[in-house]
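A look at the structure
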Amino acid sequence: MSELLPETVQVTLLLAGGQQYTVPLQIDDPLLQQLFEVLVDWEGKRMRRLFQIPLGAESMLAFPCDRLVGVITEPPIMIQPPAMPIDSQLQSVSNGEIIPAQWLQIANFLSLEEYQGLLSYALQHELDFVPTGTTTGEENYRESVVLYDFPEFHELIMQRIRSVVPDVQAKLGLEPFIIQETEAQLTAHGDGNFYRLHNDNGSPITATRELTYVYYFYREPKPFSGGELLIYDSRVENNYLVHAESFQTIEPINNSIVFFPSGYMHEVLPIRCPSRAFADSRFTVNGWIRRP
């Protein structure tokens, strides 16, 4: 992203009542991401929170998130709208009509030896996993643990994913694109873990994510229940596509991988794992494929 966006941005905060304040922020500062998350939350589904922003060495600006009415950035940074105009292929779709989410699940993605090796690797590195978070820093929104660095298997997974992307694009009806980057993390969901409703490309630093993937692996016999992935359908509202209340349910099938467009709203249902043992977790290698 450094070649597409500047390192520092002058951000002017426009608050209700006509107040405004300008602060310099790094392009990868979590605060900038949180400000944009508030602005794109047109449906008001995110938790309220208090912003506390230093204004120099001796003053602090504090305001609740619902007081933020706009952000001016210099140079300009584009954010995604809450809905997308329907394209020419969907002009015949009626207002309110549900458009099912498109996704693809591939079974036996790794060989038996590769799958067993990855599972053993995850169990051997239990102490290296760290708690997950979100770009907005919200609490009680995502619970799991993650291993960001797993070089012994990272390239194997990336090569396998890149090899199937053209077929995935064709089957999902997506326009082909050049792969700029493929991101990956190794995640473990234990008893009670979940990930609430979200999408994967709704902030400035994630806007180039085109495809999301989730590779599932775990011990047999399956030691947990739950953990299904819900991908929400779309519907037409005033000639725009918005997410619907209906959804597609994807089972976490062992040694399978799921692909879907990163703009889809989706969530992970809570895991129920009676043993509460790390080894009995629902493991995934999940990540995103970026366009230039």
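1. Some points on the confidence of the model for the protein
Chain-level pLDDT for the protein is 86 on average; 85% of the residues reach the 70-or-more range. Across residues 1–5 the pLDDT falls below 50, and counting only partners more than four positions away or on other chains, this stretch makes six contacts in the model.

2. A few points about the pairing of strand β4 (residues 60–64)
The alternating pattern of β4 places L61 and F63 on a buried face, while none of M60, A62 and P64, on the opposite face, is buried. Where strand β3 (residues 50–54) lies against β4, five bridges are found, and the strand directions are antiparallel. In the strand pairing of β4, Q52 is matched with A62. A loop of five residues connects β3 with β4, the two strands running antiparallel in sequence, and G56 in this loop sits at a positive phi of about 85°.

3. Digging into the sheet that holds strand β1 (residues 8–15)
Reading across from one edge, β2-β1-β5 is the order of the three strands in this open sheet, with antiparallel pairing throughout. With partners counted over all chains shown, the strands left at the sheet margins are β2 (20–26) and β5 (68–74), one partner each. Strand-to-strand twist across the sheet, computed as the mean angle between neighbouring axes with direction ignored, equals 25°. Both β1 and β2 contribute to a ladder of seven bridges, which runs antiparallel. Paired with L14 across the two strands is Q20, which belongs to β2. Sheet strands touched by helix α1 (residues 30–39): β1, β2 and β5. Its angle to β5, the strand with the most contacts, is close to 130°.

4. Details of the nonpolar core
By size, the foremost hydrophobic cluster in this structure holds 33 residues, and its most contacted members are L118, I161, L186, Y213, Y215, F217 and V285. Mapped onto this core, the elements with two or more residues apiece are α2 (112–124), α3 (151–172), β13 (185–189), β15 (209–217), β19 (256–261) and β22 (282–290). Broken down by element, the residue count for this core peaks at eight residues, all from α3. The contacts of Y215, once residues within four sequence positions are left out, are F109, L110, Y115, L118, N255, S256, I257, F283, T284 and V285.

5. A closer look at the pattern of salt bridges
On inspection of all chains with the given rule, the structure shows nine salt bridges. Among the salt bridges present, the one from R160 reaches E114, with a minimum N-O distance of 3.0 Å. In this pair, R160 is assigned in helix α3 and E114 in helix α2, connecting sequence segments 46 residues apart. In this structure R160 comes out as partly exposed when scored by relative accessible area, which is 25%. One salt-bridge network, held together by shared partners, links E181, E183, R209 and R290.

6. Observations regarding unusual backbone geometry
Along the chain, E220 connects to P221 via a cis peptide bond; the corresponding omega equals -5°. By the secondary structure assignment, P221 is in the loop between β15 and β16 (225–226). A positive phi angle is found at R276, which is not glycine, with a value near 60°. Within the secondary structure, R276 sits in the loop between β21 (271–272) and β22. Overall, the relative accessible area of 68% leaves R276 in the exposed class.

7. Quick look at the packing of aromatic side chains
Using the criterion set out here, one finds 11 aromatic pairs in the structure. Ring geometry for F109 and Y215: centres 6.0 Å apart, planes at 45°, overall tilted. Within this pair, whereas F109 is found in the loop between β8 (104–106) and α2, its partner Y215 is found in strand β15, the two being separated by 106 residues in sequence. The class for Y215 is buried, based on a relative accessible area of 0%. With a centroid separation of 6.4 Å and an interplanar angle of 80°, the aromatic rings of Y141 and Y195 are classed as edge-to-face. Of this pair, Y141 sits in the loop between β9 (130–131) and β10 (142–143) while Y195 sits in strand β14 (residues 194–198); the two residues are 54 residues apart in sequence, bridging distant segments of the chain. On the basis of relative accessibility, which here comes to 10%, the residue Y141 falls in the buried class. The buried category is assigned to Y195, whose relative accessible area is 16%.

8. A short note on the packing of α2 against α3
In the contact formed by α2 and α3, the axes pass within 11 Å of each other and the chain directions differ by 140°. Taken together, the axes of α2 and α3 lie oblique to each other. Crossing hand, α2 versus α3: left-handed. Along the contact surface, α2 presents E114, G117, L118 and Y121, while α3 presents P151, E152, F153, L156, I157 and R160. Of the residues in the contact of α2 with α3, the class split is six nonpolar, one polar and three charged.

So, how was this worked out
Residues numbered from 1 in each chain as written. Predicted model: local features only at pLDDT ≥ 70, side-chain atom pairs only at ≥ 80, totals over all residues. Heavy atoms only, no water. pLDDT = per-residue confidence, 0-100. Contact = heavy atoms within 4.5 Å. Buried < 20%, exposed > 50% of the residue type's maximum accessible area, 1.4 Å probe, protein only. Helix = DSSP H or I, 4+ residues; strand = E, 2+ residues; numbered from the N terminus. Pairing = 2+ DSSP bridges. Axes fitted to C-alpha atoms, helices over the stretch in contact; angles between N-to-C directions. Core = buried A, V, L, I, M, F, W, Y, C linked by side-chain atoms within 4.5 Å. Salt bridge = Lys/Arg side-chain N within 4 Å of Asp/Glu carboxyl O. Phe/Tyr/Trp six-rings, centres within 6.5 Å; stacked < 30°, edge-to-face > 60°. Parallel < 35°, antiparallel > 145°, perpendicular 65-115°, else oblique. Left-handed = near helix turned anticlockwise from the far one by under 90°. Nonpolar A, V, L, I, M, F, W, Y, C, P; charged D, E, K, R; others polar.

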